[in-house]
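These are the residues of each chain, in order.
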Amino acid sequence: MKSFNFKVSTSRTVKAALGRDMDNIPAQFQALFSGADKICLVTGSDAPPSLRARALRLFPEGRTSQFYFWLPPSEKAKTLEEAGRLCAFLFDHGFSRNSLIVAAGGGAVTDLAGFAASIYMRGVNWVSVPTTFLGQIDAGLGGKTAVNLGGAKNIAGTFHQPALAVCDTAFLDSLPHAELRSGAGELVKYAMIGPAALRATLLKHLPKAVSGDKTALTACVSACAEYKLKLVAKDERDETGLREVLNFGHTAGHALEALAGGRLPHGEAVARGIRAALVISRETRCLDAANFKKLYAMLDSLRLPPARHVRRDLARFTALVSKDKKARGAGNRFILLEGPGRPFPAENIKPALLKKAFAEALK
Ligand SMILES: NC(=O)c1ccc[n+]([C@@H]2O[C@H](COP(=O)([O-])OP(=O)(O)OC[C@H]3O[C@@H](n4cnc5c(N)ncnc54)[C@H](O)[C@@H]3O)[C@@H](O)[C@H]2O)c1
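Residues numbered from 1 in each chain as written. Predicted model: local features only at pLDDT ≥ 70, side-chain atom pairs only at ≥ 80, totals over all residues. Heavy atoms only, no water.

1. Quick word on the pattern of salt bridges
- Applying the stated criterion across every chain yields a total of 21 salt bridges.
- Across the salt bridge formed by D21 and R54, the nearest N and O atoms sit 3.5 Å from each other. Pair noted here: D21 is in the loop between strand 2 (12-19) and helix 1 (25-28) and R54 is in helix 3 (residues 49-56), with a separation of 33 residues, a long-range link.
- Using a relative accessible area of 18% as the deciding quantity, one classes R54 as buried.
- When the shortest N-O distance is used, the salt bridge between E257 and K153 registers 3.0 Å. Residue E257 is located in helix 10 (residues 250-259), and its partner K153 is located in strand 8 (residues 152-159); the two are separated by 104 residues in the primary sequence. We note that E257, like K153, is buried. (Salt bridge = Lys/Arg side-chain N within 4 Å of Asp/Glu carboxyl O. Helix = DSSP H or I, 4+ residues; strand = E, 2+ residues; numbered from the N terminus. Buried < 20%, exposed > 50% of the residue type's maximum accessible area, 1.4 Å probe, protein only.)

This is the structure in structure tokens:
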């Protein structure tokens, strides 16, 4: 097990444990678990039995005040109503400011449970236990919590760091191939925006990771999680531009997810959003043809299935892109690339180019 402490502000340190088959987490982080008067495990109702069994090991032995809360599957969990239902459950069962929420699941579970933890009694401790590849390299880390609103992604949310993030790649043993491939969409993002050493590690392990190889998955999770947590420590609240590069592929990606009504896995949407960002980078002459080809080949290696569920509605795509919260008041805002490891923000991409980017994303 690799264990990290990240100071995200003068008053707050986030702990992270990364590895495989990590034993007795409650004993290793005793102050956090034994200081809690009650613990609630939150997970998805469609979680496989093996996930639940492993997650139950996160309860300290012999504790009586343990509760379970099931969320609807995937994006259906990310609503204000579900956040309210979880808060009401905690209140009905006497949870206090000294209680602990343990969120074990994909990004939808950690986003929703983290959000509820941030508003219940103005904030209680939570432990993020991402159980998908995408969650372990990205969604379960960094303290951004959210629900979807009005058919758009992550419109209401908070920054609320988990006291501890546990990325145990043994959870990934039950993950279907489609979810591994979805995670690889975010992995390609890191390979494109990150430094050369990170890119080399990820490209070396990517093919085996997508086929479920345990060593490759653990190496990828460790490299990406460490990179993301270091960025977050420098720009926790996404204010200086350092953290913003993690949005690469997400402006178009979030619009595609909305156009698919929740039926396009997040990582696949990001991979398609990266296609759009690469085309915009090339057409605005920021990215030369050789680098475009090299970067595009990384996406091709994912062999994405056809985007069957995405509505071919350019007007709605354009509207969603401009309503994305990352636009910050501009017409739209994308992270583009000048080359591998050289991301930068660009605003007000013209409609004709958005049309090209949309077509490319749907290929
Ligand atoms: N907060 C952030 O910084 C951040 C970053 C990236 C993505 N996200 C969010 O994360 C969400 C996507 O997360 P995701 O890709 O994990 O999808 P998900 O949460 O929808 O989970 C996908 C499916 O995998 C199943 N599952 C989870 N763990 C499993 C396991 N170990 N074995 C078998 N099945 C398992 C789930 O039950 C679900 O059906 C999106 O809502 C996205 O917006 C958040």
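2. Quick notes on the nonpolar core
- By size, the foremost hydrophobic cluster in this structure holds 80 residues, and its most contacted members are F133, M192, L202, F248 and L278.
- Sorting elements by how many residues they give to this core places helix 9 (residues 214-234) first, with 10 residues.
- Mapping this core onto the domain boundaries places at least three of its residues in each of domain 1 (2-174) and domain 2 (248-363).
- Formed by 25 residues, the second largest nonpolar core is a distinct cluster that contains C40, F95, V109 and Y120. (Core = buried A, V, L, I, M, F, W, Y, C linked by side-chain atoms within 4.5 Å. Domains from an automatic or database assignment.)

3. A look at the side chain of E257
- For E257, a relative accessible area of 5% corresponds to the buried category.
- A distance of 2.8 Å separates polar atoms of two side chains, one belonging to E257 and the other to H266.
- Those residues in contact with E257, other than ones at most four positions away along the chain, are E75, K153, G262, L264, H266 and A269. (Polar contact = N/O pair within 3.5 Å; in protein donor to acceptor, adjacent residues only side chain to side chain. Contact = heavy atoms within 4.5 Å.)

4. So, the environment of A184
- The residue A184 is located in helix 7 (residues 177-193) in this model.
- With 115 residues separating them in the primary sequence, A184 and L299 have C-alpha atoms 9.3 Å apart.

5. Structural notes on helix 4 (residues 80-92)
- Helix length check: helix 4, at 13 residues, gives a terminal C-alpha distance of 18 Å against a target of 18 Å (1.5 Å per residue), a fit within 8%.
- For helix 4, every residue scored as buried is listed here: E82, A83, L86, C87, F89 and L90. All buried residues of helix 4 lie within an arc of 155° about the axis, which places them on one face of the element. Along helix 4, exposed side chains directed more than 90 degrees from the buried face belong to E81, F91 and D92.
- Its buried side turned inward, helix 4 meets strand 3 (39-44), strand 4 (66-71), strand 5 (100-105) and helix 5 (107-119).
- Looking one or two residues beyond helix 4, the residue adopting positive phi is G94, at roughly 75°. (Expected span 1.5 Å × (residues − 1). Arc of directions from axis to C-beta.)

6. With respect to the site of the ligand
- Looking at the ligand, there are 26 residues lining it, with D46, E75, T131, T132 and S174 nearest.
- A distance of 2.9 Å is found between an oxygen atom of the ligand and a backbone nitrogen or oxygen belonging to A108.
- About the coverage of the ligand: the protein hides 89% of its 880 Å² of free accessible area.
- Tallied by class, the residues present in the shell around the ligand amount to eight nonpolar, eight polar and 10 charged. (Near = heavy atom within 4 Å. Areas by Shrake-Rupley, 256 points an atom, 1.4 Å probe, with all protein chains shown as cover. Nonpolar A, V, L, I, M, F, W, Y, C, P; charged D, E, K, R; others polar.)

7. Comments concerning a nonpolar patch on the surface
- A cluster of nonpolar side chains, L56, Y68 and W70, forms an exposed patch at the surface whose accessible area comes to about 280 Å².
- Turning to its location among the elements, Y68 is positioned in strand 4. (Patch = residues over 30% accessible without salt bridge, like charges linked within 9 Å, V, L, I, M, F, W, Y side chains within 5 Å.)

8. Some remarks on the domain arrangement of the chain
- Along its sequence, the chain is organised into domain 1 (2-174) and domain 2 (248-363).
- For domain 1 and domain 2, the distance between their C-alpha centres works out to 30 Å.
- Listed by partner, the interface residues are seven residues for domain 1 and eight residues for domain 2.
- Note on domain 1 versus domain 2: buried area summed over both sides is about 640 Å², and carbon and sulfur give 60% of it.
- Taken as a group, L134, K153 and N154 account for 58% of the area that domain 1 buries against domain 2, more than any other trio of residues on that side.
- Where domain 1 touches domain 2, the interface holds one salt bridge.
- Where domain 1 packs against domain 2, one counts one residue pair in polar contact (both at pLDDT 80 or more).
- When residues in the side of domain 1 that touches domain 2 are grouped by element, the largest group, three residues, is from strand 8.
- Tallied by class, the residues present in the side of domain 1 that touches domain 2 amount to two nonpolar, three polar and two charged. (Buried area = accessible area lost by both parts, 1.4 Å probe.)

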